[in-house]
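Spelled out, the chains give:
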Amino acid sequence: MIPAMTLLASGFWMLMIFDCVRNDPEKNTWLWILIFLNIPGAVIYFVVRRLPYINIPLPAAFKRWTYRNKIWDAEAAAKNIGNAHQFITLGNLLTEARQLDRAIHSYEEALAQAPKNSHALWGIAAVEVDQKQYESAKQHLELLLKEDLDYKFGEASLVYGTVLFELKEWAEAKKHLQDDIKRWSHPEASLMLANIQIQDGETEAAKENLERMMFKLKASPRFHYRKKQHLFRQAQRILKTM
């Protein structure tokens, strides 16, 4: 039993060293901590440097159980008051609990009362994208962006670009992604645009686009860089194939 625990602890320590060397912008400092403190150093590194960037999905059943009382109260408010706001609140909770069909119904109830409500349009579009209902999502996002081009600090714009990309509407997607990059500098938009540019034979434009995106990510705050690091690596892989 003890040798097995020792092997697991050593494996965890080596994994944290590997992660630090590959991913951490402050690796020169943290490597010394990992080397000198050994297993305790690995635990500290995991808690301080790795855990904040791990998005651990919860099981749908657990989410439903956690949100049960909140959903109960929101349903009561929607039935008793019945304004768009109450249905949006209910839709948001149902979305978080992964009860997506019910969430769509709640957002539709809100839109029936307020067809241009930005929060309802965003809520239903987000669920539709999750369910790969891209045509419906496109319609709702178009209405949303007409009302508020900067909704969610550009997140709606990025999702609209993603929808166009998934629908393979290349010309429209290309124009929108170029505008999105100018306005928001989303690295995801740069990657999608680069794929379209390569497809169109615009290799140099794609290369310039990816290199600019990588430079901006490097210059961003450390938290943002680590959160988007997988996109940085994707850009590197694409550049190697060009």
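This text goes with the structure placed above it.
Caption draft 1: How the structure looks around the packing of aromatic side chains. Applying the stated rule across the entire model yields 6 aromatic pairs. Measuring from ring centre to ring centre gives 5.7 Å for W30 and Y45, while their planes differ by 70°; the resulting arrangement is edge-to-face. In this pair, the class of W30 matches that of Y45, namely buried. Ring centres of W32 and F36 lie 5.5 Å apart, and the angle between their planes is 15°; on these two criteria the pair is classed as stacked. Placement of the pair is W32 and F36 together in helix α2 (residues 27–50), with a separation of 4 residues, close to one helical turn. Given the relative accessible area of 62%, F36 is considered exposed.

Caption draft 2: Focus on the packing of helix α11 (residues 203–219) against helix α13 (residues 229–241). Put simply, α11 and α13 touch, their axes get as near as 10 Å, and they point 150° apart. On the basis of their axis angle, the class for α11 and α13 is roughly antiparallel. When you trace α11 past α13, the crossing you get is left-handed. In this structure, α11 contributes K207, L210, E211, M213, M214, L217 and K218 to the contact, and α13 contributes L231, F232, A235, Q236, I238 and L239. Tallied by class, residues from the contact of α11 with α13 come to 9 nonpolar, 1 polar and 3 charged.

Caption draft 3: Expanded view of the pattern of salt bridges. Under the definition given, this model contains 11 salt bridges. A salt bridge links E202 to K174, with the nearest nitrogen and oxygen atoms 2.7 Å apart. You can see E202 sitting in the loop between α10 (187–199) and α11 and its partner K174 sitting in helix α9 (residues 170–184), a full 28 residues away along the chain. A relative accessible area of 15% places K174 in the buried class. A salt bridge links R212 to E208; its shortest N-O distance comes to 3.0 Å. Here E208 and R212 lie together in helix α11, a separation of 4 residues that amounts to about one turn. Within this structure, K138, E169 and E172 form a network of salt bridges that share partners.

Caption draft 4: Spotlight on the environment of V163. On the secondary structure map, V163 appears in helix α8 (residues 155–166). The spatial distance from the C-alpha of V163 to the C-alpha of H140 is 11 Å, given a sequence separation of 23 residues. Once residues within four sequence positions are removed from consideration, V163 is found in contact with V129, Y134, A137, K138 and L141.

Here is what the cut-offs are and how they apply
Residues numbered from 1 in each chain as written. Predicted model: local features only at pLDDT ≥ 70, side-chain atom pairs only at ≥ 80, totals over all residues. Heavy atoms only, no water. Phe/Tyr/Trp six-rings, centres within 6.5 Å; stacked < 30°, edge-to-face > 60°. Buried < 20%, exposed > 50% of the residue type's maximum accessible area, 1.4 Å probe, protein only. Helix = DSSP H or I, 4+ residues; strand = E, 2+ residues; numbered from the N terminus. Axes fitted to C-alpha atoms, helices over the stretch in contact; angles between N-to-C directions. Parallel < 35°, antiparallel > 145°, perpendicular 65-115°, else oblique. Left-handed = near helix turned anticlockwise from the far one by under 90°. Contact = heavy atoms within 4.5 Å. Nonpolar A, V, L, I, M, F, W, Y, C, P; charged D, E, K, R; others polar. Salt bridge = Lys/Arg side-chain N within 4 Å of Asp/Glu carboxyl O.

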